[in-house]
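Commentary on secondary and tertiary structure
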Amino acid sequence: MLKGKVAIVTGSTSGIGLGIAKELAKLGADIVLNGFGNENEIEKVRSGIEREYGVRAAYDATDMSDGEAVRQLIGTTIGRFGRLDILVNNAGIQFTAPVEQFPPAKWKAILDINLSAAFHGIASAVPHMKKQRWGRIVNIASAHGLVASTHKAAYVAAKHGLVGLTKVVGLETAGSGVTCNAVCPGWVRTPLVEKQIDDIAAEKGISQKLAAEELLAEKQPSLDFASPEQLGGTVAFLCSAAADQITGTTISIDGGWTAR
Ligand code: NAD
């Protein structure tokens, strides 16, 4: 389905981004991996994707908090592969604290990585995608792009902003062959959430298992985590012809979180 197409997945050395990159590679897309981590581990993942799915996979270490560098990543990819068809804005970080104690530096980092990086990437990719008359932009927002929780001022602000950006870009690209949508996951058990499970376990003096159950019970009526593979499948659907008329909107994969 995606043979000959080129996809950038930001923050794809771990968690949801890696799940999405593998799913797109499985469908034949060449992949640009991005994110931080151990050099050898990343190389193992990169070469593993090439071997397993018979596609080209490159790794780019761009720091998503640097807007200019994000713009360069788009140019470098087009230079290297000759095209760019799919941009998945996935890189994201979390930090929790009450608003009056929220460190300004954390606020800035979360806004830069979770929101502004998508703006810079989209701004650079759209002219190229419009020229091709085909493009898919998928922003990995969150249930926190639609509703709020305490102690997540920067994250909720960034993810609501990302949903807003998605709507604007959906409108601006409508009819051009380019679509822009946001995916809104509930809890997915990745390193980002593992830390929050650790915090609950430490705070309440309970096991990881109980802490994970508490985390789910508070928000996710299905009482089960969504998986990176399921997120990958949703992005693949948005890249399919069935989704040609889906743009400027959100898809929730949250076990019922935002239905309450
Ligand atoms: P994760 O911590 O497992 O992965 C985050 C990825 O982003 C990693 O590859 C990391 O190296 C990369 N990254 C972090 N800072 C970066 C930077 N400055 N430049 C480049 N790469 C950077 O987290 P995850 O849970 O897979 O989260 C992925 C996305 O999904 C995030 O945007 C997150 O907000 C969103 N999300 C996650 C959940 C969840 O429950 N895990 C729920 C809703 C939304």
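Report follows, based on the coordinates. Here the structure is a predicted model, which is why all the values come from computation and not from measurement.

What counts, and at which threshold
- Residues numbered from 1 in each chain as written.
- Predicted model: local features only at pLDDT ≥ 70, side-chain atom pairs only at ≥ 80, totals over all residues.
- Heavy atoms only, no water.
- Near = heavy atom within 4 Å.
- Polar contact = N/O pair within 3.5 Å; in protein donor to acceptor, adjacent residues only side chain to side chain.
- Areas by Shrake-Rupley, 256 points an atom, 1.4 Å probe, with all protein chains shown as cover.
- Helix = DSSP H or I, 4+ residues; strand = E, 2+ residues; numbered from the N terminus.
- Nonpolar A, V, L, I, M, F, W, Y, C, P; charged D, E, K, R; others polar.
- Phe/Tyr/Trp six-rings, centres within 6.5 Å; stacked < 30°, edge-to-face > 60°.
- Buried < 20%, exposed > 50% of the residue type's maximum accessible area, 1.4 Å probe, protein only.
- Lys NZ or Arg CZ within 6 Å of the ring centre and 35° of its normal.
- Disulfide = S-S within 2.5 Å.

Before going further, it helps to spend a moment on the site of the ligand. Near the ligand lie 31 residues; those nearest to it are Ser14, Asn90, Tyr155, Val188 and Thr190. Tyr155 has a polar side-chain atom sitting 2.5 Å from an oxygen atom of the ligand. For the ligand, an oxygen atom lies 2.9 Å from a polar atom in the side chain of Lys159. Isolated, the ligand exposes 830 Å² of accessible area, and the fraction of that covered by the protein chains is 93%. With 3 residues, helix H6 (residues 191-204) is the single largest residue contributor to the shell around the ligand. Its residues assigned to classes, the shell around the ligand shows 15 nonpolar, 14 polar and 2 charged.

Summed over the entire model, instances satisfying the criterion amount to 2 aromatic pairs. Here the aromatic rings of Phe95 and Phe102 are separated by 5.6 Å at their centres, their planes lie at 85°, and the arrangement is edge-to-face. Taken together, a centroid distance of 5.3 Å and an interplanar angle of 45° make the contact between Trp187 and Trp257 tilted. Taken together, the residues span a long stretch of sequence, with Trp187 in the loop between strand S6 (178-185) and H6 and Trp257 in the segment after strand S7 (250-253) at a distance of 70 residues. Accessibility classification places Trp187 together with Trp257 in one group, the buried group. Between the NZ or CZ atom of Lys5 and the centre of the ring of Trp134, over which it lies, the distance is 4.4 Å.

On to the state of the cysteines. Under the defined criterion, the tally for this structure stands at 0 disulfides. Take Cys180: it sits in no disulfide, and the sulfur closest to it among the cysteines is that of Cys184, at 12 Å. With a relative accessible area of 0%, Cys180 lands in the buried category. Take Cys239: it sits in no disulfide, and the sulfur closest to it among the cysteines is that of Cys180, at 12 Å.

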